[in-house]
Amino acid sequence: VFYCVSECDFGKDRSSGLNWCVGRGCLGNHHASCTSLYKKPFVESFEETPLLVAVLTYMGYGILTIFGYLRDFLRDWKFEKCHLAREREEQKDFVPLYQDFENFYTRNLYMRIRDNWNRPIHSVPGAKMDLVERVTPDYNWTFEHTGKVLKDVINMGSYNYLGFAENTGTCADAASECTVKYGVGVCSSRQETGNLDKHEELEKLVARFLGVESSMVFGMGFATNSMNIPALMGKGCLILSDELNHASLVLGARLSGATIRVFKHNNMQSLEKLLWDAVVHGQPRTHRPWKKILILVEGIYSMEGSIVRLPEIIALKKKYKAYLYLDEAHSIGALGPRGRGVVDYFGLDPCDIDIMMGTFTKSFGSAGGYIGGKKDLVDYLRLHSHSAVYATSMSPPITQQIITSMKCIMGEDGTTLGQERLCQLSENTTYFRRRLHEMGFIIYGNNDSPVVPLMLYMPAKIGAFGREMLKRNIGTVVVGFPATPIIESRARFCVSAAHTREMLDTALNAISEVGDLLQLKYSRKNRHGREGTDLFSYLESHQD
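Residues numbered from 1 in each chain as written. Predicted model: local features only at pLDDT ≥ 70, side-chain atom pairs only at ≥ 80, totals over all residues. Heavy atoms only, no water.

The name that an unreviewed UniProt entry assigns to the chain is serine C-palmitoyltransferase, with the source organism given as Sinocyclocheilus anshuiensis. As its UniProt record puts it under Sequence similarities (unreviewed entry), the chain is described as follows: "Belongs to the class-II pyridoxal-phosphate-dependent aminotransferase family." UniProt, in the comment section headed Subcellular location (unreviewed entry), describes the chain in these words: "Endoplasmic reticulum membrane". (UniProt positions renumbered as here; feature names shortened; annotations may be inferred.)

This part covers unusual backbone geometry. What you tend to see is this: most non-glycine residues have negative phi, and most peptide bonds are trans. For the bond from Phe-481 to Pro-482, the omega torsion is 10 degrees, close enough to zero to count as cis. Mapped onto the elements of the fold, Pro-482 is located in the loop between β16 (477–479) and β17 (489–494). Positive phi values are uncommon outside glycine, yet Arg-285 reaches one of about 70 degrees. The phi dihedral of His-287 is positive, around 60 degrees, even though this residue is not glycine. Mapped onto the elements of the fold, His-287 is located in the loop between α8 (268–281) and β9 (293–298). (Helix = DSSP H or I, 4+ residues; strand = E, 2+ residues; numbered from the N terminus.)

Strand pairing in a sheet takes place through backbone hydrogen bonds and is either antiparallel or parallel in direction. A sheet is described by the order of its strands in space; here 7 strands give the open sequence β6-β12-β11-β10-β9-β7-β8, paired in mixed fashion. In this open sheet, the two edge strands, each paired with only one partner strand, are β6 (214–218) and β8 (259–263). Recorded for the sheet is a direction-independent mean angle of 20 degrees between the axes of neighbouring strands. Here β6 runs beside strand β12 (residues 369–373); their pairing, made up of 5 bridges, is antiparallel. Residue Val-217 lies in a different strand from β12, and its bridge partner there is Tyr-370. Of the strands in this sheet, β7 (238–242), β8, β9 and β10 (323–327) touch helix α7 (residues 247–256), which is tilted by about 165 degrees from β9. The strands that helix α9 (residues 310–319) touches are β9 and β10; relative to β10, the one it contacts most, it runs at about 155 degrees. (Pairing = 2+ DSSP bridges. Axes fitted to C-alpha atoms, helices over the stretch in contact; angles between N-to-C directions. Contact = heavy atoms within 4.5 Å.)

What follows deals with the sheet that holds strand β4 (residues 128–135). On the basis of which strands lie adjacent, the open sheet formed by 3 strands has the order β4-β5-β15 and mixed pairing. Of all the strands in the sheet, the pair left with one neighbour each is β4 and β15 (474–475). Note: β4 against strand β5 (residues 144–155), 6 bridges, orientation antiparallel. Pairing of Val-135 across the sheet is with Glu-144, part of β5.

Turning our eyes to something else, we now look at the packing of helix α15 (residues 459–471) against helix α16 (residues 501–518). The description of two helices packed together rests on the angle between their axes and the distance between the axes. The contact between α15 and α16 brings their axes to 10 Å, and the two run at 140 degrees. In terms of orientation, α15 and α16 fall into the oblique class. For the crossing formed where α15 meets α16, the hand is right-handed. Taking contact as the criterion, the partners of Lys-461, Ala-464, Phe-465, Glu-468 and Met-469 in α15 are, on α16, Ala-507, Ala-510, Ile-511, Val-514, Leu-517 and Leu-518. (Parallel < 35°, antiparallel > 145°, perpendicular 65-115°, else oblique. Left-handed = near helix turned anticlockwise from the far one by under 90°.)

Turning next to the pairing of β7. Along β7, 5 of the 5 residues are buried, which leaves the element largely enclosed by surrounding structure. Side-chain alternation along β7 places Leu-238, Leu-240 and Asp-242 on one buried face and Ile-239 and Ser-241 on a second face that is also buried. The pairing of β7 with β8 spans 5 bridges and is parallel. Within β8, the position partnered with Leu-240 by the bridge is Arg-261. The parallel pair β7 and β8 is bridged by α7, and the resulting crossover is right-handed. Relative to β9, β7 runs parallel, the two being bridged by 4 bridges. (Buried < 20%, exposed > 50% of the residue type's maximum accessible area, 1.4 Å probe, protein only. Right-handed = clockwise from strand over helix to strand, strands pointing away.)

Between its first and last C-alpha, helix α14 (residues 417–439) extends 33 Å over 23 residues, near the 33 Å set by a 1.5 Å rise per residue. Positive backbone phi, at 105 degrees, marks Gly-440, one or two positions downstream of α14. (Expected span 1.5 Å × (residues − 1).)

Counting across every chain of the model gives 16 aromatic pairs. Arranged with centres 6.2 Å apart and planes meeting at 75 degrees, the rings of Phe-209 and Phe-364 form a pair that is edge-to-face. Taken together, the residues span a long stretch of sequence, with Phe-209 in helix α5 (residues 197–210) and Phe-364 in the loop between β11 (355–359) and β12 at a distance of 155 residues. Of the two residues examined, Phe-209 and Phe-364, each falls in the buried class. Ring pairing ties together the aromatic residues Tyr-38, Phe-42, Tyr-345 and Phe-346, which thus form one cluster. Above the ring of Phe-164, the side-chain terminus of Arg-421 is found at 4.4 Å from the ring centroid. (Phe/Tyr/Trp six-rings, centres within 6.5 Å; stacked < 30°, edge-to-face > 60°. Lys NZ or Arg CZ within 6 Å of the ring centre and 35° of its normal.)

This is the structure we're talking about:
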């Protein structure tokens, strides 16, 4: 079922388990304002969890919890001989790092499948990578390296969207030359002796890339959010945050001291209600107007694969005279015909975004982050941001990597390589999502998002999926509670322009095989072979 989102039905959300379609070609009646906001179809799929699967998932967690507490009880009374799920004796004299349930969950649930995370790699994290083999003698509490290396593992987990995470080519050569000239470390902050000409060059380039007046770069992406939001907001201000925002945005909002209110993920009715209440009622008790109202959203949500409804948020922001902070960590370089993020994807004016934030850790194959916007905003942050005043400035080779890759995306390197990578990423994303849908998996998110969550649900299948995929030489990321809701455990694939069709087919065949083995093909939608009945057939038949 497709729904056209307009002003009257903003209340629909992903809990209904339906697909959203916005723009031309939608089914049903819709307001003219809908087509004016969206220039092309905007389709996101969040298929509802089958009831039986949800019940079995809750039962699985319940059984694990009950048996965990039972075995802890038996250990205390010396009946249980297996002590692998207990902390080591030498750790018990230290102050507890976790609360009781966190400690229990870590020992009895997480520790069973801990081998799926923190795997050390032995190569550049490109389309393929080498993994260091390891074994555990003590129930995943510690790991020992065997000395063997797993070669040519297809990398479906890194945020290497445009394939710039490489150790050969123009970017690597430029970074190497920069290292010889400038060294690796700057050993000072920007306000002292750590302001290089490379930093100035990068900031001008980022501002031109984003289409804004000015920009500022930081050495750490996480700190770009957590240290700059407190500089912009404070007591007497209101922050409206999407419920699925990244931890860096949440931390920055909390450190600011501002009042925080959370709206449902991508739900415009929920956001508008909070905006209306804020404007009408003002601050609690005094009812004075808020000093500032700031909306915090992301471009692509890394656990959901969804894209922010930016045209609608901008319309609400203008209506209620609020400010908008857009985190484009995953969308910059990965969306839009020119790779300039979600603003470019929707064909919007960058001036409508008050604070444009992003990182260089994904599409640019580097590190650090940026803030872009009006010159007055950037000049203010240069003086008041803790990340600017106290942090060591960005490493020179890191800076050069970003400059070279960004110029490649913009076509200023004299080649069409950047545009080719953007097209390849789009093609790979569409192909990968379509094939998974045809196989019968439940996948979340927007059709154009290179972040592809595949739903696993049950706790035992989290570890089994990661291990079985590695047996087939495919490196994947699996995610469970508390990083996701308890019944929405998933595997998260990140598609890259560096992936060839052969690599994707190899990965897809392995996913299908493991899906059959673990019975993961939960989707109840019509699958491939029934003409015109599925999501992709509809879109292909209604292309402009």
